[in-house]
Amino acid sequence: RRGQPAVEGSGSSLAGTMASINSWLTSSHKTRWILGDQELEKRRAACYEKSLGEIERYKPESASTSAADNLAVAVSLEEQKQLLSYYEKTLSKICSLFRMPRKILAISIVYLKRFYLKFTVLDHEPWRIMVTCVYLACKVENAYLAAEELAKGVQQDARVVEKIVLGSEMTLLQGLDFDLVVHTPYASLRGFLYELENCCQFEGWDPDRAETLSSALRKRANKSLDALLFSDAPLTFSPGILAYAALQVAAKKMEGEDKQMVESFFGHCRSKAGNTEKLAEFVKKVHKLGARGSASLADEGVLKEIDRKVKLCRNPVYDPTSDQYKKQQAEKQAQKLRAKANLKRSAAASDARALGLTEIAENPDSKRRKSSPTNRVVAG
């Protein structure tokens, strides 16, 4: 499937759409990763303060910089947003280069967004995480992309990229809390368009005409969804809301009977939604997020300066070159060795009890069992 464009035609079955809706209702995406604006900012601020605290706490004794100097060098939250926005756009270019389905693009970007709700760019280098997000999304979607091929897309040595993705994959998984399920708005859009075609045919439209209308809306709506991916929309609203809002934008250029049919369809959707005021409020917010996602990136000079500050102010807890990181790794290794030794003693004691060797069971470190006087055989 790698390298093939997504199948986004109107042939998607209603059964598939209903299955997607049912899986969404119980998914980790809905229960754990749809957050309000305030919650998003709260999490980012907490991670940022934690990173700054660790940078100051584990600062080398020989360092001459003060806490105030560290805070001045550290990347701000706003600068972090600008840098991550740049890497999201870069990720999009990589997916386009390999002609990946939009679903993989959406999953990759959502992984990146989720990861940096738990960490900051001071903890983990965004470039490494970005590449690993693409690699993991391809694996999740059974569209495996070898590290050698990925290296060509990012113009890096294949061995370097392979080392990065294999070394960062577990870090990424832990940052995602192993929640790999992502429901994309592109699937919801297919569901809406499928229902629109049915409405058209119910009104007596020719199937080809209905499919033409659906195809035109799909192309425009996809562009709106692409822009929404570069905002906080995937973290704050369900895929269905995003698809509905994108479809509204796509319908603005419709005219004549096409426009009337689409407006009638929207009325049908609003009647099914129930609370139309709340739906309108959500859609209005989504449109604002779409405008932010469409905004241009910061100047190249600004991004380079932010990147320079990130390299100057790495969090020692996650920096492999820091003394604190090496100390942590040594402690983890010692802990593993102790656990392994305890497990070995426990297994030896269990085997000894099973064989009735009570002395060894009580002292697993003993190499030999002393003979009991009553069991000695005297040569006669």
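Residues numbered from 1 in each chain as written. Predicted model: local features only at pLDDT ≥ 70, side-chain atom pairs only at ≥ 80, totals over all residues. Heavy atoms only, no water.

**Considerations on the state of the cysteines**
Here comes step 1: One pass over the full model with this rule turns up zero disulfides.
Here comes step 2: For the unlinked cysteine Cys199, the closest cysteine sulfur is that of Cys200, found at 7.0 Å. (Disulfide = S-S within 2.5 Å.)

**Quick notes on the pattern of salt bridges**
Here comes step 1: This structure, assessed with the given rule, holds 20 salt bridges.
Here comes step 2: Lys113 is the partner of Glu88 in a salt bridge, and the nearest nitrogen-oxygen pair spans 2.9 Å. In this pair, Glu88 sits in helix α5 (residues 77-97) while Lys113 sits in helix α6 (residues 102-115), placing the two residues 25 residues apart along the sequence.
Here comes step 3: The network of salt bridges with common partners includes Arg32, Lys118, Asp177 and Asp179. (Salt bridge = Lys/Arg side-chain N within 4 Å of Asp/Glu carboxyl O. Helix = DSSP H or I, 4+ residues; strand = E, 2+ residues; numbered from the N terminus.)

**What about the side chain of Gln324?**
Here comes step 1: Along the chain, Gln324 falls in helix α17 (residues 323-355).
Here comes step 2: Judged by relative accessible area, which is 16%, Gln324 ranks as buried.
Here comes step 3: In contact with Gln324, other than residues within four places in its own chain, are Tyr58, Pro316 and Val317. (Buried < 20%, exposed > 50% of the residue type's maximum accessible area, 1.4 Å probe, protein only. Contact = heavy atoms within 4.5 Å.)

**Details of helix α8 (residues 147-154)**
Here comes step 1: When we look at burial in α8, the residues that qualify are Ala147, Leu150, Ala151, Gly153 and Val154. Projected down its long axis, α8 shows its buried positions confined to an angular sector of 160 degrees, all on one face.
Here comes step 2: Residues of α8 that are buried in the fold lie against α5, α7 (126-140) and α9 (158-175). (Arc of directions from axis to C-beta.)

**Side note on the packing of α8 against α9**
Here comes step 1: Contact geometry for α8 and α9: axes closest at 8 Å, N-to-C directions at 110 degrees. When the axes of α8 and α9 are compared, the pair comes out roughly perpendicular. Where α8 crosses over α9, the two elements pack in a sense that is right-handed. Counted together, Ala147, Glu148, Leu150, Ala151 and Val154 of α8 and Ala158, Val161, Glu162 and Val165 of α9 form the full contact between these two elements. (Axes fitted to C-alpha atoms, helices over the stretch in contact; angles between N-to-C directions. Parallel < 35°, antiparallel > 145°, perpendicular 65-115°, else oblique. Left-handed = near helix turned anticlockwise from the far one by under 90°.)

**What to know about the confidence of the model for the chain**
Here comes step 1: Of the residues in the chain, 85% have a pLDDT of 70 or more, and the chain-wide mean is 82.
Here comes step 2: In this model residues 1-13 is a low-confidence stretch, pLDDT under 50, and it forms 28 contacts with partners more than four residues away in sequence or in other chains.
Here comes step 3: Per-residue pLDDT stays below 50 along residues 374-380; that stretch engages in one contact with residues further than four places along the chain or on separate chains. (pLDDT = per-residue confidence, 0-100.)

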